[in-house]
Amino acid sequence: MKVTFYGVRGSIPAPGCETSRYGGNTTCAEVITTGGYRMIIDCGTGIRKLGIKLLKEKDPATIPIFITHAHWDHVQGLPFFLPIYMPRFKLMFVSANDGFDRLYQTLYNQMDGYVFPADLQEVQSQVKYEIIDAKGFDFGGVHFDTILNNHPVPTHGLRIKDGKKTFVFITDNELQAANPITPFSDFVAFCQGADILVHDAQYTEEDMKRTRGWGHSTFSEAIKLAEEAGVKRLGFFHHDPERTDDQLDEIIKQMQGTTQIKLFGTREGEELDL
Ligand SMILES: [Zn+2]
Ligand SMILES: [Zn+2]
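Residues numbered from 1 in each chain as written. Chains lettered and ligands numbered in written order. Predicted model: local features only at pLDDT ≥ 70, side-chain atom pairs only at ≥ 80, totals over all residues.

As a further point, take the nonpolar core. Counting residues in hydrophobic clusters, the biggest one holds 58 residues, and the most contacted among them are I65 and L197. When residues in this core are grouped by element, the largest group, five residues, is from helix α6 (residues 219–229). Those residues within four positions of I65 in sequence are excluded, and the remaining contacts are I40, C43, L91, M92, F93 and V94. (Core = buried A, V, L, I, M, F, W, Y, C linked by C-beta atoms within 7 Å. Buried ≥ 20, exposed ≤ 12 C-beta atoms within 10 Å, placed from the backbone. Helix = DSSP H or I, 4+ residues; strand = E, 2+ residues; numbered from the N terminus. Contact = placed C-beta atoms within 7 Å.)

Looking at where T266 falls in the secondary structure, it is placed in the loop between β13 (262–265) and β14 (271–273). A tally of 25 C-beta atoms within 10 Å means that T266 is categorised as buried. In this structure, the C-alpha to C-alpha distance between T266 and F5, residues 261 residues apart in sequence, is 7.6 Å. In this view, T266 contacts F5, V8, V198, G235, F236 and F237; residues no more than four positions away in its chain are not counted.

Right, let's talk about the environment of L263 for a bit. Relative to the helices and strands, L263 resides in strand β13. Assessed through the 21 C-beta atoms surrounding it within 10 Å, L263 is described here as buried. When the C-alpha atoms of L263 and Q192 are compared, they prove to be 17 Å apart, with 71 residues separating the residues in sequence. Ignoring sequence-local partners within four residues, the contact set of L263 consists of L234, I252, M255 and Q256.

Written as structure tokens, this is what we have:
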């Protein structure tokens, strides 16, 4: 299984020379299973570049696009994802039921020819929708489990078990929420033994004094989860737009001194091989 990040930033794109190493685009990742099936996670601004790559595909198979939730930073790239305008592309949006309502309201309603030049009639790709429930979903012979995150709107984390390897992706999740929808122990069970866990780590403990309840986690909270779940590698994700590359390097270095687990900051363009 291969996972490539096209956007790792949280909340709003943060381009510029201070963020160029980790990248400024918002959430988007591509997963290629061992069997060669492609899947996309989220449509943040990073999906634009992935779309350009996909245009080279001659006869593309159906591509599932898993939408964690419809917050702006996870959907705003879709109007710039060129495959949606091309009849030869077959896309299948996979999300929770209420996510679709919002997807339509926030995304397609903006494609009215006023706030975005293209309108909905120009979406010529073959689009399907699959609503997920607690059981997750299957695609390309691989099972995808989901978990409900602690976030202000319904948001799902994802676990992909492909052969002997397990990849878990959980963004926009407050592990230590005051009134959690999903308790910490459930996340520990969900991430158990993962080869790589990529988790929201938008804030430091200092930031969290003013951001508690916003639906995100700290670096230390993500480490605690990885340790209790026996995860092999932990990638920090949803980098704060204010966080510079140098600050991130420094935080990761400090954090690495507190745990045996191999830590890394997810980077745009980085390919993880599992
Ligand atoms: Zn987000
Ligand atoms: Zn969010």
